[in-house]
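# Remarks on the overall topology
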Amino acid sequence: MNDQDILTRIQALVEEEHTLREAPGDGQVPDKARLKQVEESLDQCWDLLRQRRAKSESGEDPNDAEARPVSEVEGYKQ
């Protein structure tokens, strides 16, 4: 997976997140479980993209970057 593939995946996840968050107007609640999965996947994708860019900037092979588990990515301080 290259940077463009990751960015394409991020865009698809962002679109799904927006769709899930949009209120349908009939009082329905968004699918909270799916929304949580999308948010976690987004965090993983952004983390992987940052790893790849850091490796590339430091002269390392960006393909050596690996997606980290949700438990690790979700534990980062922002």
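Preceding this paragraph is the structure being described.
Residues numbered from 1 in each chain as written. Predicted model: local features only at pLDDT ≥ 70, side-chain atom pairs only at ≥ 80, totals over all residues. Heavy atoms only, no water.

### Overview of the pattern of salt bridges
For side chains of opposite charge, pairing can occur when their charged atoms come near one another. A full pass over the atoms with the stated rule returns eight salt bridges. With a closest N to O distance of 2.5 Å, Arg-52 and Asp-3 form a salt bridge. Of the two residues, Arg-52 is situated in helix α2 (residues 32-57) and Asp-3 in helix α1 (residues 3-21); the sequence distance between them amounts to 49 residues. Here Arg-68 ties to Asp-47 by a salt bridge, and the two come within 3.1 Å at their closest N and O atoms. Placement of Arg-68 in the loop between α2 and α3 (70-73) and of Asp-47 in helix α2 is noted, with a sequence separation of 21 residues between them. (Salt bridge = Lys/Arg side-chain N within 4 Å of Asp/Glu carboxyl O. Helix = DSSP H or I, 4+ residues; strand = E, 2+ residues; numbered from the N terminus.)

### Observations regarding the environment of Asn-63
In this fold, Asn-63 is placed in the loop between α2 and α3. A residue is classified by how much of its surface remains accessible, and Asn-63, at 54% relative accessible area, is exposed. For the pair Asn-63 and Asn-2, spaced 61 residues apart in sequence, the C-alpha separation works out to 7.7 Å. (Buried < 20%, exposed > 50% of the residue type's maximum accessible area, 1.4 Å probe, protein only.)

### Digging into the side chain of Asp-47
Residue classification places Asp-47 among the buried residues on the basis of a relative accessible area of 4%. In terms of polar contacts, Asp-47 uses its side chain to reach the side chain of Arg-68, at 3.1 Å. (Polar contact = N/O pair within 3.5 Å; in protein donor to acceptor, adjacent residues only side chain to side chain.)

### Notes on α1
One turn of the α-helix equals 3.6 residues, which is why residues spaced by three or four share an orientation. Look at α1: 27 Å from first C-alpha to last across 19 residues, which is about the 27 Å you get at 1.5 Å a residue. Of the positions making up α1, those classed as buried are Ile-6, Ile-10, Leu-13, Glu-17 and Leu-20. On an axial view of α1, the arc spanned by its buried residues comes to 85 degrees, and they lie on one face. The outward face of α1, more than 90 degrees from its buried face, is lined by the exposed residues Gln-4 and Thr-19. In this structure, the buried residues of α1 make contact with α2. Two or three places before Gln-4, at the start of α1, stands the capping residue Asn-2, its side-chain oxygen 3.0 Å from that residue's backbone nitrogen. (Expected span 1.5 Å × (residues − 1). Arc of directions from axis to C-beta. Contact = heavy atoms within 4.5 Å.)

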